[in-house]
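Each chain is listed here by its residues.
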Amino acid sequence: MDDRYRNNANLYQGAKDIAREMNQVSDDYRYQDSSYEGYAPSDGYYHGGNEPAQEEDAQSDATEGHDEDDEVYEGEYQGIPHPDDIKGKQKKKAPGVADDYRDHADLMTQRMEDEEQLAHQYENIIEECGHGRFQWTLFFVLGLALMADGIEVFVVGFVLPSAEKDMCLSRSNKGMLGLIVYLGMMVGAVMWGGLADKLGRRKCLIISLAINAAFVFLSSFTQGYGFFLFCRLISGFGIGGSLPIVFAYFSEFLSREKRGEHLSWLCMFWMVGGIYASAMAWSIIPHYGWGFSMGTKYQFHSWRVFVLVCVLPCIASLIALKFMPESPRFLLETGKHDEAWMILKQVHDTNMRAKGEPERVFTVAHIKTPKQIDEFIEIQSSTGTWYQRWLVRFTTTFKQVWDNVLCCLTTQYRMNTLILAVVWFTMALSYYGLIVWFPDMIRYFQDETYKSKVKPFTKDKISNATFNFTLENQIHRNMEYINDKFINIKLKHMLFEDVLFDNCFFIDVTSTETYFKNCTFEYTIFNNTDLYKHKFIDCKFLNCSELQEKEGCHLDFEEDNDFLIYLVSFLGSLSVLPGNIVSALLMDKIGRIRMIGGSMLISAVCCFFLFFGDSDSAMIGWQCLFCGASIAAWNALDVITVELYPTDKRATAFGILNGLCKFGAILGNSIFASFVGITKVVPILLASSALMGGGLLALRLPETRDQVLM
């Protein structure tokens, strides 16, 4: 009897040892040549962690035919617990106790190990899912969101020539309206990027696009400058989240071999947005009859119709995103294994059906999830007031986002973040500064040509004449007008100097850049004119009367060549097409670093040729060359920014860098525009030196084309 009990006990202990060894082997992950050995194609399952099913199977196989009820422990009748029961209870309690008292560094080390295992496993899963219909559908949905970002940059420049008349905008007001969008996008990029790493890519992208669409819609109907400025600020804040979220979102559905190329193709939608905005402006704004009015206080002109049309891609992307899933990689990072598995199975099944292989089975059973450290504070609906609950959620989320921002500056990421910040800033300062400087220089050349054709008239006397036609680009000096009538006339760029007006009539007169210097007016009547006081410089009025001034704005507006504005923007957007194609085809062949450095250095060389741009046609040509050369650097920057940061910091880092990019755009617009008509040397040297310095510094970044997405 004792021998039989002893043999049973030995057999039981041996089964436990076998089960323990099997668990240890199943948890032993090894990497070789950047491959994940936990992926076993032979059985069709991914294995990770301690799986209870395997332990139970091992015990049942090892103890087959053995009945544990027959085993008798000598201390059982004395109330002494069995040693194995004590060890089992200790093993169950040990992980919880260890987690409670383990310091933060140990938890972070464990999470990093889990993330490394997940990165290689996830890469194999995406390869099994394939690249097909699902990725292409998501490509166009996110492309529309990126297209909306490109449109937002161009809209204000197209509507300013018309909006300034409706809203009576001064030069400083127009400048603020042009910069306010970039300010909103700068804040929005940082905020939405940080929230996307905590709340989800899809959710934050939907909210940001909804904000953009709502305030763009409102801006098209508002009449006052202040509220219009506010609407453009908030619309920029909304669309600012599209760029960091779109690239982080799409990259997490791409395998390593496809990532560089297809993210570069996605960049083309920003160019499509510029082409769309140019074409719509060209087609709609010149048709001044496309609108309506409600009395004299409310005007809805064609430029407002153009603003409404420009929001359509944003709305289309917003609707389509409702049918797209969340990023499974984000869900795995937050411990939502089952949801991520269902989405990956959806991706696999969608692609297999499109390839005509619906019988292919998704073989993944278990995916590694990293150790969860952050605990989101959730309070019940019955706890406190709604304001207190909202405040707790807000402060907790804000703290998590802020901690994530600070993590991008820790020792592990600091050097890459600083180098990328300099490269993003130099690119934005040069690119956005020059794309504003090019149209301003073209206008300057046209103005100089226009002024060179001025017609002077001197020492002449005109009596009893009626002027009912346009007078343009003339100078009248030492002239006399006796008993003359200026009725229903337009005066454009006219200068009257030392002129006598005796017994004259100015009725229904509209003027632009027209001034009277040292003139004398005797017995002259002004009725319904816009000849305001600031247009008369050192003039004398004797027995004159002003019956009525024109209602409306008292500012002069430049007569812009709308066709030229649209053409320059259209050609500038279209010129990046060759650069987009080249960068997409070569991104994975020559690498991200060479693409950035080479593109920025070539763009710097193109800037030097601007010294030879002495006409508007030459400036258009150099603009197209510069845009085509620089687009490859932009594409490579987007790709390497996505790949250098792990999933829980990817959108945050992209948002910070893109926000810095918008700050560079604000500085570039302000600095470069201030030198128009003064000198070309400063803008050209500033742009070329910034591009050259940024391109050389980018060569110190690590290459990421062979790296799995962490």
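Residues numbered from 1 in each chain as written. Predicted model: local features only at pLDDT ≥ 70, side-chain atom pairs only at ≥ 80, totals over all residues. Heavy atoms only, no water.

Bringing the packing of helix H10 (residues 256-284) against helix H18 (residues 576-590) into the picture now. Interhelical geometry of H10 versus H18 gives an angle of 170 degrees and a closest axis separation of 7 Å. As summarised for this structure, H10 and H18 are arranged roughly antiparallel, according to the angle between their axes. Where H10 abuts H18, its residues Glu-257, Gly-260, Glu-261, Ser-264, Trp-265, Cys-267, Met-268 and Met-271 lie against Val-576, Leu-577, Asn-580, Ile-581, Ser-583, Ala-584, Leu-585, Met-587 and Asp-588. Each residue belonging to the contact of H10 with H18 can be placed in one class, and the counts come to ten nonpolar, four polar and three charged. (Axes fitted to C-alpha atoms, helices over the stretch in contact; angles between N-to-C directions. Helix = DSSP H or I, 4+ residues; strand = E, 2+ residues; numbered from the N terminus. Parallel < 35°, antiparallel > 145°, perpendicular 65-115°, else oblique. Contact = heavy atoms within 4.5 Å. Nonpolar A, V, L, I, M, F, W, Y, C, P; charged D, E, K, R; others polar.)

Moving on to a negative patch on the surface. A cluster of like negative charges, contributed by Glu-127, Glu-257, Glu-703 and Asp-706, occupies part of the molecular surface. Tracing the backbone through its elements, the reader meets Glu-703 in the segment after helix H22 (681-698). (Patch = residues over 30% accessible without salt bridge, like charges linked within 9 Å, V, L, I, M, F, W, Y side chains within 5 Å. Areas by Shrake-Rupley, 256 points an atom, 1.4 Å probe, with all protein chains shown as cover. Salt bridge = Lys/Arg side-chain N within 4 Å of Asp/Glu carboxyl O. Lys, Arg positive; Asp, Glu negative; His and termini not counted. Charge placed at Lys NZ, Arg CZ, Asp CG, Glu CD.)

Counting 151 residues, the largest nonpolar core has Phe-306, Tyr-432 and Trp-634 as its most contacted members. Residues in contact with Phe-306, not counting those within four places in the same chain, are Val-155, Phe-158, Val-159, Ala-277, Met-280, Ala-281, Ile-284 and Ile-285. Counting 22 residues, the second-largest nonpolar core is a separate cluster that includes Ile-489, Met-494, Val-509 and Leu-531. (Core = buried A, V, L, I, M, F, W, Y, C linked by side-chain atoms within 4.5 Å. Buried < 20%, exposed > 50% of the residue type's maximum accessible area, 1.4 Å probe, protein only.)

So, about the confidence of the model for the chain. Overall, the predicted model of the chain reaches an average pLDDT of 77, with 79% of residues at or above 70. Per-element mean pLDDT across the chain ranges from 37 in strand E1 (residues 31-32) up to 93 in helix H12 (residues 312-321). Taken as a whole, residues 18-81 scores under 50 in pLDDT and shows 73 contacts with residues more than four places along the chain or in a different chain. (pLDDT = per-residue confidence, 0-100.)

In this model, helix H20 (residues 616-643) (28 residues) spans 41 Å end to end at C-alpha, consistent with the 40 Å of a helix rising 1.5 Å per residue. Taking the largest bend as the criterion, H20 deviates by roughly 25 degrees, centred on Ser-630. With 22 of 28 residues buried, H20 is to be regarded as a mostly interior element. (Expected span 1.5 Å × (residues − 1). Bend = angle between axes of the 7 residues up to and from the residue.)

Next up on the list: the sheet that holds strand E13 (residues 500-502). The strand order E8-E11-E13-E16-E19 describes an open sheet built from five strands, whose pairing is parallel. Here the strands that pair on one side only, and so sit at the sheet edges, are strand E8 (461-463) and strand E19 (540-542). Shown here is a sheet whose adjacent strand axes are inclined to one another by a mean of 10 degrees, direction ignored. Judged from the three bridges that link them, E8 and strand E11 (residues 480-482) form a sheet pairing that is parallel. Across the sheet, residue Ser-463 finds its bridge partner in E11, namely Ile-482. (Pairing = 2+ DSSP bridges.)

A few words on the pattern of salt bridges. Per the counting criterion, the structure on display carries eleven salt bridges. Between Glu-152 and Arg-232 there is a salt bridge whose closest N-O contact spans 2.8 Å. Placement of Glu-152 in helix H5 (residues 133-167) and of Arg-232 in helix H8 (residues 225-239) is noted, with a sequence separation of 80 residues between them. A single burial state applies to Glu-152 and to Arg-232, both of which are buried. Linking Asp-648 and Lys-649 is a salt bridge whose minimum nitrogen-to-oxygen distance equals 3.2 Å. Of the residues examined, Asp-648 reaches a relative accessible area of 15% and is grouped as buried. The buried category is assigned to Lys-649, whose relative accessible area is 8%. Taken together, the salt bridges that share partners define one network made up of Asp-197, Arg-201, Glu-252 and Arg-650.

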